[in-house]
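For reference, the chains in residue letters:
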Amino acid sequence: MISERRTPAQGPGAQKLRALLGTGGALPAPGSGRTAQRWHRLLAWGRADLPMARLAEGHTDAMAILQDAGAAAVPGALYGVWAARSGGTGAELVGSTLRGTVRFCSGAHGLDRALVVAAAADGSRVVDLDLRAPGVRPVDGTWQSPGMRASDTVDVELTDIAVPATDVVGEPGWYTERPGFWWGGGGVAAVWLGGALGVLDALTAQLSSRADPFQLAHLGALHASVEATRALLDATATLIDADPGRAHRTAVWTLRTAAERSCRDVLDLAPRVAGVAALTRSSLGQQLADLGLYIRQHHGERDLAALGEAVLDAGRGSAGAGDIR
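(A) Seen up close, empty space enclosed by the protein. A full pass over the atoms with the stated rule returns two cavities of 30 Å³ or more. Lining the largest cavity are 14 residues, and of these P30, R38, D61, W183 and G184 lie nearest its centre. Listed by contribution, the elements that provide at least two residues to the lining of the largest cavity are helix 2 (35-48), helix 3 (50-69) and helix 5 (179-207). For the lining of the largest cavity, the element with the highest residue contribution is helix 3, accounting for five residues. Looking at the lining of the largest cavity residue by residue, the class counts come to six nonpolar, four polar and four charged. In this structure, the second largest cavity encloses a volume near 40 Å³. Residue lining of the second largest cavity: R54, L55, G58, G80, V81, W82, S106 and L111, and that is the complete set. Those elements that provide at least two residues to the lining of the second largest cavity are helix 3 and strand 1 (79-82). Classifying every residue of the lining of the second largest cavity gives four nonpolar, three polar and one charged.

As structure tokens, this is what we get:
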């Protein structure tokens, strides 16, 4: 039984997130035969409001993690997933005590609970944490960038929080070993792609009355890039649903790389299409700042090197592309 929960958060940000999550009902679980439907909803959220979609993706990922573990979410609670171990920081579970500083905690002030991934002596553990418990302290001022500011992301200090055994989810090391860990990464890519489509929506509206040949050429190139990635998203979802016993790590890595490249194309070409006036007198500048920062969840050359190694292994006959667990 999870520790007793206080009244769910009801601030403006929480209300907006609840309204977004309530559109269209609950998302299908990844790997359930409707992964494409799940990812399309995430994409639509990213297209409409990227920072809010970041929070919605975290909540829906938490629901999938709890389902994978056979655990129940606290009814009505808004969840996040806090797993970062940046720069030597991160949560630790020492016995039954949770402590440490976790960076990049989105929704730090407005969520009710978070699944905190903590290092432990027997392997990483997942703690279902009440964010209003004594010892949980968001550190204001630790997010200086204008990009994704609306996602309410800061560091959170965890000071000697007693964790009941019933609030520890799954077995040691289970969080990253399950296939759903990789499928969740595909969901994040869907949100990135939605952010890119949101920028294209703004450009299309701007150019609806007039456009020169150069603007049209850039717009056509961006359309082709994002639509190709959207087709890959559907193909990857179909692959997962056809064989949900596998992680399909290489396929998801490929999708994330394609989505990141499409977003980089948008970040490069959209300012040329829009011009200074649109970048400074509309929400487009903020959209680009949000997108540019959010896609840095892709780890650049490190992720590309991992993908390249998987491709090389497949070429040696160790596994088929997309079938590596």
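(B) Structural context of the nonpolar core. Of all hydrophobic cores here, the largest spans 73 residues; its most connected members are L98, L129, L158, L203 and V266. With 13 residues, the top contributor of residues to this core is helix 5. With near-sequence residues (within four places) excluded, L203 lies in contact with L219, L222, A270, V273, A274 and L284. With 13 residues, the next largest nonpolar core counts A62, I65, V81 and V126 among its residues.

(C) Broad picture of the pattern of salt bridges. The full count for this structure, using the stated rule, is 16 salt bridges. Note that R316 is salt-bridged to D313, the shortest N-O span being 3.2 Å. Among the residues examined, D313 registers a relative accessible area of 25% and is labelled partly exposed. Linked by salt bridges that have partners in common, R18, D112 and R132 make up one network.

(D) Broad picture of the layout of surface pockets. Its boundaries defined by the atoms lining it, the largest pocket holds a volume of some 1300 Å³. As for the largest pocket, its lining consists of 42 residues, of which A83, A84, R256, Q297 and H299 are closest to the centre. Residues of the lining of the largest pocket, tallied by class, amount to 21 nonpolar, 11 polar and 10 charged. Here the second largest pocket defines a volume of roughly 240 Å³. Together, 17 residues line the second largest pocket, and A26, L27, T60, M63 and A64 are the ones closest to its centre.

(E) Representation of the environment of P179. Examined against the element boundaries, P179 turns out to sit in helix 5. With 61 residues separating them along the chain, P179 and I240 place their C-alpha atoms 9.5 Å apart. In this structure P179 touches P244, G245, R246 and A247, once residues within four positions along its chain are discounted.

(F) Looking closely at the pairing of strand 4 (residues 113-119). By the criterion of burial, strand 4 is predominantly enclosed, with six of the seven residues buried. Examined bridge by bridge, strand 1 and strand 4 share four bridges and lie parallel to one another. By the bridge assignment for strand 4, Y79 is matched with R113. Where strand 2 (residues 90-94) meets strand 4, two bridges bridge the pair, whose relative direction is parallel. Opposite E92, over in strand 4, you have A119 as the bridge partner. In textbook terms, the turn of a hairpin is the stretch between consecutive antiparallel strands, and for strand 4 and strand 5 (residues 125-130) this stretch comprises five residues, one of which, G123, has a positive phi near 120°.

Reading the values: the criteria
- One numbering rule holds for all chains: residues counted from 1, following each sequence as written.
- In keeping with the model being predicted, local features are shown solely for residues with a pLDDT of at least 70 and side-chain atom pairs are shown and tallied solely at 80 or more, while totals for entire chains, interfaces and linings include all residues.
- Neither water nor hydrogens contribute to the side-chain values; these are computed over all heavy atoms in the structure.
- Buried and open spaces are told apart on a 1 Å grid over the protein atoms alone, a cavity being a set of points where a 1.4 Å probe fits but cannot get out and a pocket being an open set with protein on both sides within 12 Å along at least five of seven lines. Residues with an atom within 4 Å of a point are the lining residues.
- Grid points are joined across faces, edges and corners, and a volume is the space filled by probe spheres set on the points.
- Counting from the N terminus, the helices are the DSSP runs of H or I reaching at least four residues and the strands are the DSSP runs of E reaching at least two.
- Under the convention adopted here, Pro, Cys and the residues Ala, Val, Leu, Ile, Met, Phe, Trp and Tyr are nonpolar, Asp, Glu, Lys and Arg are charged, and Gly plus all remaining residues are polar.
- Put simply, buried Ala, Val, Leu, Ile, Met, Phe, Trp, Tyr and Cys residues joined by side-chain atoms within 4.5 Å make one nonpolar core.
- Partly exposed describes any residue whose relative accessible area lies between the buried limit of under 20% and the exposed limit of over 50%, with all areas from a 1.4 Å probe on protein chains only and scaled to the type maximum.
- Whether two residues touch is decided by their heavy atoms; if any such pair falls within 4.5 Å, the residues are in contact.
- Within this document, salt bridges are pairs made up of a side-chain nitrogen of Lys or Arg and a carboxyl oxygen of Asp or Glu, the two lying within 4 Å of each other.
- Two strands make a pair as long as DSSP finds a minimum of two bridges between them.

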